[in-house]
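Descriptive analysis of the structure
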Amino acid sequence: MSQTYAVVAVTAVVLATVLVGGFGLRISRTTSDFYVASRTVGPGLNAAAISGEYLSAASFLGIAGLVLVQGPDMLWYPVGYTAGYLVLLLFVAAPLRRSGAYTLPDFAEGRLESRAVRRLVSVFVVGAGWLYLVPQLQGAGLTLKILTGAPGWLGPVLVAAVVVLAVAAGGMRSITFVQAFQYWLKLTALLIPVFFLVLAWQGDGAPRPVYDEPAALRHQQTVRFADTLTLRLTGPLPVRADGTVDGRRHNGEALTLPPGAHRVEAGTRLALAEATRVPGSAARTEHPLYATYGLIVATFLGTMGLPHVVVRFYTSPGGREARRATVVVLALIGAFYLLPPVYGALGRLYAPELALTGDADAAVLLLPERLVGGTGGDLLGALVAGGAFAAFLSTASGLTMAVAGVLTQDVLPSRGVRHFRLATPLAICVPLIGALLVSGVPVADAVGMAFAVSASSFCPLLVLGIWWRGLTPPGAAAGLLLGGGSALLAVAATVLGVAPPGLLHALLAWPAVWSVPVGFLAMIGVSLATPGRIPAGTNAAMTRFHLPEALAREGGARR
Amino acid sequence: MSPEQAARRETVTGEPRRVRPLPRHRAQSEIDEQTALGGAYVRSLMRGQLRAALTGFAVLALTVATLPLAFRALDDDAVTWWVLGFAVYAPLGLIACWYVRTAERNEGDFARLVADRPTESRPTGPYPARVDPPEGRPTERRPAP
C-alpha cells in the first residue's frame, strides 16, 4: 500500500483537529466556556459532538475486526453501544442535566452531600477513563504500524500529544467543534469506501459465503507473523510453513496444524491456499451465550456512566434539550453502526487470515486496498486511515477532558483553568504508559471491560440516585465498592491472565452479569440498613432533577 | 399588590425583577418551598416519568433478552447478521421517540396542573427557598454550608 496517501490523510486529520481546536480557543474566553461551552450548545451540534466523541477506535476498527474473527455474535457490540444511549435516555438524560452536575463526582456530592462518596466516585471515574483510553492509544499504534510501518509506540505518543494540545488549549468549547467535525469525518470515512467495496464485491460475482462458519479464503494468502504469538485453532488448518512453528523449523513444506494451541515464532510465514477454511480463535467460544449476555448487560447499562458521556449532557441548555439531543445521538450512531458490519462481512470474505495474526482490528484499513486496489484503493485506504485517527483523537480527547476535570477538582490542590491545563498531561500519561506496556487485548474487548466497570458502579449510583429517595451515602459507597470494585478486579484478573480457563474465565471476563446486580443490591441493602443517613437535601434534589426548567426557572434561580 | 408598589411602578420603569418576584401560583410556591403538598406534586410527576422509562426499558429488555436464545434456536447465521447488523436500530429509535413524547407530555401536563391554581402574590424573600447550592462555574460548585 502506498504510505504517502495514508500519511497525508492522518496528517490532515491531526492538523484539522488542532486548527478547529484553535478556532475554539479564540472564542473560549470564560471559565464557563472552557468547561461546559457556557451550556449553550444546541441539540444538533451537541448530538454530533456526543456521537463524535462516543464513536471510538472500538467502533471504527474493533467491531469489524471482532466480527471477522468471531462471527456475527459480535454484532451485539454496536447494538449495545447504541442501546446504551437508549437506556441513558430513559433513566438519566434529563434529570442528570437538571442536576447541574458537571461530572459524576459532582453528581454524587450534590445528591448525597458526602465528600467521601465524591472521592470514591472520582477514583472510579479516573479508573474507567484510563481503562477506556488504553485501547484508543493502542488502536492508534496499530493503525500507524499497518499503514506506514512506523514503530508501535509512535501512534499512541502522537495521539497523546495532539490531545494535550487540543484539550489543554481550548477546553470544552473547542472540543465541541472538534468532535462534531469528527463525527461527520468518521461517517464519511466509512461510508464512501463502502460504496466502492460493495461495487467491487458485486464485480467479483457477489459471493455470499459470508455466513459460513468458519470463513473460507477467496484467494491464496500469505500471513507473516511479525511477533511471536500463540494460535488457538478451533479446527484444523492446512498451511505451507516457512519459519518456526511449535519449535520445529519448516522450509515451505505443507502441513496441517491440528486444533489447539500453536506457538508461531516471529518472522514465520504461513501460506494459505485458496478455499482454505480459516478457523476462529477459541478465546470466547467456551461459554458464548453467557458472554453474549455479559456483553449486553455491560454495554446497555455501562454507557450512562462513561465519564466523557456525562460531561456532554451538561453542555445542553436544559433537560428537554438533553433528551432531544440524545434521540439525535441515537439516530447518528445508529446510522454509523450500519457500516462496520459490512466491513466485517467483507473482511470474512477477503481477509479471513487476519484472524490468525491477532491484527484483525486492521481489517477496515486493509479492505480498500485488497478489494479495490490501485490508486483508488490507496486513496480509499487513506480516507479510512484519516477516519480512524479521528476516532482515536475524538474519544481520547473527550476522555482526557473528563479525567483531567476530575483530577483538577479532586486530586490536585488548587483549582482553575491553569491547573486544568496541568492536569491534562497527567490524565493521558498513565494510559499512555499502559498502552505501551500491555498489548494483545482486542480493542473492542478492552473497551467492553471499561463498560463493565461503569455498568457495575455508576449505573446503580445514577439510577438509584435519580429515582430513589432512600439512597444513603454508606449505601452508595457499598454499591460502588462491591459492584464496581469486583468488576474492576475481575477485569484486571482477565487482562493479567491469572484467570483459569473454563467457566471461571468467562465469569471474570464478562463480569457485568453478576457485578451489576451486586452493585444494585449492595446499594439498596446498605441504604435500607442506614435510614438515618438519608441526606437532608434529598427532596430538594429530587425536585431539581425532575421539575421542568420552565417551572424551576420562574424563580430566577437556574439559567 | 400594595398601593405604594403600584405607585412606584408609575415612576420607575424597569423595576428589577429580583427585588420582588412576579405573582406566583400556589402550586408553584408549594413546590419551591418544599411543603408536603409540593412534595406530592413532584412525586406524582416522578411516578409518571418513571412509569414511562420502565415501560420503554421493559420493551427493550424483553426483546433483547430473548434474541440470543432465538438466534441459538434458529442456528441460522444469516438471520443473526440481518437482525443485529440492520434491523434492530429502527425499533431502538422508535422506543426513544415514544419515550421523549411521553416524557414531554408528562411535563406539559404537570406544568398545566401547576399553572391552573393561581394565588395572590407572595412578597416573600428572594427566590429560591430551596436548599440546592448556587450554580456558578463548575469548579466552584461546592454545597452550601
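Residues numbered from 1 in each chain as written. Chains lettered and ligands numbered in written order. Predicted model: local features only at pLDDT ≥ 70, side-chain atom pairs only at ≥ 80, totals over all residues.

So, the overall build of chain B
Definition in use: The helix count covers DSSP runs of H or I at least four residues long, the strand count covers runs of E at least two residues long, and both are numbered beginning at the N terminus. Burial in this document is a count-based property: other C-beta atoms within 10 Å of a residue's C-beta are tallied, and the residue is buried at 20 or more, exposed at 12 or fewer, or partly exposed in between, with C-beta positions derived from the backbone. What counts as a contact is two residues whose backbone-derived C-beta atoms lie within 7 Å of each other.
The number of helices and strands found in chain B is five helices and zero strands. Written out in order from the N terminus, the α and β elements of chain B read α-α-α-α-α. Relative to its full complement of 145 residues, chain B shows a buried share of 25%. The long-range fraction of contacts in chain B, counting pairs at least 24 apart against all pairs at least 6 apart in sequence, stands at 75%.

Description of the overall build of chain A
Within chain A, the regular secondary structure consists of 23 helices and eight strands. Expressed as a percentage of its 559 residues, the buried residues of chain A come to 62%. The long-range fraction of contacts in chain A, counting pairs at least 24 apart against all pairs at least 6 apart in sequence, stands at 82%.

Concerning the domain arrangement of chain A
Residues and elements named next belong to chain A. Our working definition: Note that the domain bounds were set by an automatic or database domain assignment. When residues are grouped by polarity, Ala, Val, Leu, Ile, Met, Phe, Trp, Tyr, Cys and Pro land in nonpolar, Asp, Glu, Lys and Arg in charged, and all others, Gly among them, in polar.
Per the domain assignment, the segments making up chain A are domain 1 (3-203 + 300-437) and domain 2 (220-273). Relative to domain 2, the C-alpha centre of domain 1 lies at a distance of 36 Å. Listed as interface residues are four residues of domain 1 and, on the opposing side, six residues of domain 2. Classifying every residue of the side of domain 1 that touches domain 2 by side-chain character gives one nonpolar, two polar and one charged.

A look at the pairing of strand β5 (residues 248-257) of chain A
Residues and elements named next belong to chain A. Formally: Two strands are said to pair when DSSP picks up at least two bridges between them.
Burial of β5 is sparse: only one of the ten residues sit out of reach of the surface. Two elements, strand β4 (residues 237-245) and β5, share nine bridges in a ladder whose sense is antiparallel. Counterpart to Val239 in the pairing with β5 is Leu255. Linking β4 back to β5 in an antiparallel pair, the connection comprises two residues, with Asp246 at a positive phi of about 55°.

Some remarks on helix α21 (residues 512-529) of chain A
Side chains that are three or four residues apart share a direction in an α-helix, a result of its 3.6 residues per turn. Residues and elements named next belong to chain A. Put simply, the test is: An expected span of 1.5 Å times one less than the residue number is assigned to each helix. In this description, one arc is meant: the one made by directions from the helix axis to the C-beta atoms.
Look at α21: 25 Å from first C-alpha to last across 18 residues, which is about the 26 Å you get at 1.5 Å a residue. If you check which residues of α21 are buried, you get Ala512, Ser515, Val516, Gly519, Ala522, Met523, Val526 and Ser527. Down the axis of α21, the buried set is contained in an arc of 130°. They therefore lie on one face.

Side note on the confidence of the model for chain A
Residues and elements named next belong to chain A. Using the following cut-off: For every residue, the pLDDT score states the predictor's confidence, bounded by 0 at the bottom and 100 at the top.
The predicted model of chain A has a mean per-residue pLDDT of 83, with 87% of residues at 70 or higher. Of all helices and strands in chain A, the one with the weakest mean pLDDT is helix α2 (residues 31-36) (55), whereas α21 scores best (96). Within the model, the stretch residues 554-559 combines pLDDT values under 50 with 14 contacts to residues more than four positions away or in other chains.

Describing unusual backbone geometry
Located in the positive-phi region is Glu113 of chain A, a residue other than glycine, with phi close to 50°. Within the secondary structure layout, Glu113 of chain A lies in the loop between α7 (104-112) and α8 (115-148). Phi is positive for Asp75 of chain B, which is not a glycine, with a value near 55°. Look at Asp75 of chain B and you get exposed, because 8 C-beta atoms sit within 10 Å.

So, the UniProt feature "transmembrane region" (unreviewed entry) in chain B
For clarity, the cut-off: UniProt positions are given in the numbering used here, feature names are shortened, and annotations may be inferred rather than shown by experiment.
Within the UniProt annotation, "transmembrane region" (unreviewed entry) is assigned to residues 52-73 and 79-100 of chain B. The straight-line gap between the two end C-alpha atoms of residues 52-73 of chain B is 32 Å; of that span, 100% is helix and 0% is strand.

Concerning the packing of helix α4 (residues 57-70) of chain A against helix α5 (residues 76-91) of chain A
All names here are of chain A. The following threshold applies: Between the N-to-C directions of two axes lies an angle of 0 to 180 degrees, each axis being a line fitted to C-alpha atoms and, for a helix, fitted only over the stretch in contact. Orientation is classified from the angle alone, with under 35 degrees giving roughly parallel, over 145 giving roughly antiparallel, 65 to 115 giving roughly perpendicular, and any other angle giving oblique.
Two elements in contact, α4 and α5, have axes whose closest approach is 9 Å; the angle formed by their N-to-C orientations is 140°. With respect to α5, the axis of α4 lies oblique. Between α4, through Ser59, Ile63 and Leu66, and α5, the contact on the second element is made entirely by Tyr77, Pro78 and Tyr81. A class-by-class count of the residues in the contact of α4 with α5 yields five nonpolar, one polar and no charged.

Digging into the environment of Leu137 of chain A
Residue and element names in this part refer to chain A. If you trace the backbone, Leu137 turns up in helix α8. When the C-alpha atoms of Leu137 and Val159 are compared, they prove to be 6.8 Å apart, with 22 residues separating the residues in sequence. Here Leu137 is in contact with Pro156, Val159, Ala160, Ala396, Pro431, Leu432 and Ala435, once residues within four sequence places are set aside.

Description of the packing of α5 of chain A against helix α5 (residues 89-115) of chain B
Remark: α5 of chain A packs on α5 of chain B, axes separated minimally by 10 Å, with the N-to-C direction vectors making an angle of 10°. One element, α5 of chain A, and the other, α5 of chain B, form an angle in the roughly parallel class. Counting all contacts with α5 of chain A, which are made through Thr82, Ala83, Leu86, Leu89 and Leu90 of chain A, the residues of α5 of chain B involved are Tyr89, Leu92, Ile95, Ala96 and Tyr99 of chain B. Broken down by class, the residue content of the contact of α5 of chain A with α5 of chain B amounts to nine nonpolar, one polar and no charged.

Let's talk about α8 of chain A
Residues and elements named next belong to chain A. For α8, spanning 34 residues, the distance from its first C-alpha to its last is 49 Å, which sits close to the expected 50 Å at 1.5 Å a residue. Most of α8 sits out of view: 28 of its 34 residues are buried. Directly after α8, the chain includes Gly149, whose backbone phi takes a positive value near 75°.

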